[in-house]
Amino acid sequence: MTGAQIIVTLGGIALSIFIAWFFWLAPKGQIRAAAGAGGVQEVAVIVKGGYTPDVIVVKSGQPVRLNFTRQESAACSEKVLFPDFNQSALLPEGEQVTLEFTPDKPGEYGFQCQMGMLRGKLIVE
Ligand SMILES: [Cu+2]
C-alpha cells in the first residue's frame, strides 16, 4: 500500500469507530460546554418538548452563558428556572434568551420549567 492508501484506510477505521461511539455510546442530550473567548462557557439549548441538551457539563468558577431558544408555543415551557442560582427567564417563542451566571461550587443542579414538568441538569465540575 502507498502512504495515501494507508491514510485513507486508517481514516476510514477512525470514522467507523467515531460513528459507533456517536450512535451507541455517547450519552444522549449531554454536552460539555467549551469555553470560548473570554473564558465564557457557552451552550445553546433548544426548548421543544424538553431541553436539548438536557445535561450540560461545565467547569466551576467560570462564567456560563446559556442561550435558550424556545421552538414551541406550549405554555409549559415559557419559563425556565435555575433555582440554585436564583436565575429564571421568560422564553418567548422563537427568540434567543440568554442566561449568564458563574457556578462556583461543583455539584449537580437541576433546571426546569415553572411547573417542573420539563427538567434538565447542570453538572458543575
Ligand atoms: Cu411546564
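Calculation rules
- Residues numbered from 1 in each chain as written.
- Predicted model: local features only at pLDDT ≥ 70, side-chain atom pairs only at ≥ 80, totals over all residues.
- Pairing = 2+ DSSP bridges.
- Helix = DSSP H or I, 4+ residues; strand = E, 2+ residues; numbered from the N terminus.
- Axes fitted to C-alpha atoms, helices over the stretch in contact; angles between N-to-C directions.
- Buried ≥ 20, exposed ≤ 12 C-beta atoms within 10 Å, placed from the backbone.

A. Quick peek at the sheet that holds strand β5 (residues 55-58). What the six strands build is an open sheet, ordered β1-β5-β11-β10-β7-β8; its pairing is mixed. The two strands at the open ends of the sheet, each matched to only one other strand, are β1 (30-32) and β8 (87-90). Pairwise comparison of adjacent strand axes, ignoring direction, gives a mean angle of 15° for this sheet. Direction of pairing for strand β10 (residues 107-113) relative to strand β11 (residues 119-124): antiparallel, over a ladder of six bridges. If you follow Phe 111 over to β11, its bridge partner there is Gly 120.

B. Representation of the pairing of β5 in the model. With burial as the criterion, only one face of β5 is covered, namely that bearing Ile 56 and Val 58; the residues Val 55 and Val 57 on the opposite face remain uncovered. In this sheet, β5 lies alongside β1 in parallel orientation, the contact comprising three bridges. Residue pairing for β5: Gln 30 is matched across the bridge by Val 55. Where β5 and β11 come together, four bridges link them in parallel fashion. Of the residues in β11, the one forming a bridge with Val 58 is Val 124.

C. Structural context of unusual backbone geometry. The omega angle of the peptide bond from Thr 52 to Pro 53 is 0°, so this bond is cis rather than trans. Looking at where Pro 53 falls in the secondary structure, it is placed in the loop between β4 (51-52) and β5. Not every positive phi belongs to a glycine, and Asn 86 is a case in point at roughly 55°. As for its placement among the helices and strands, Asn 86 is situated in the loop between β7 (79-82) and β8.

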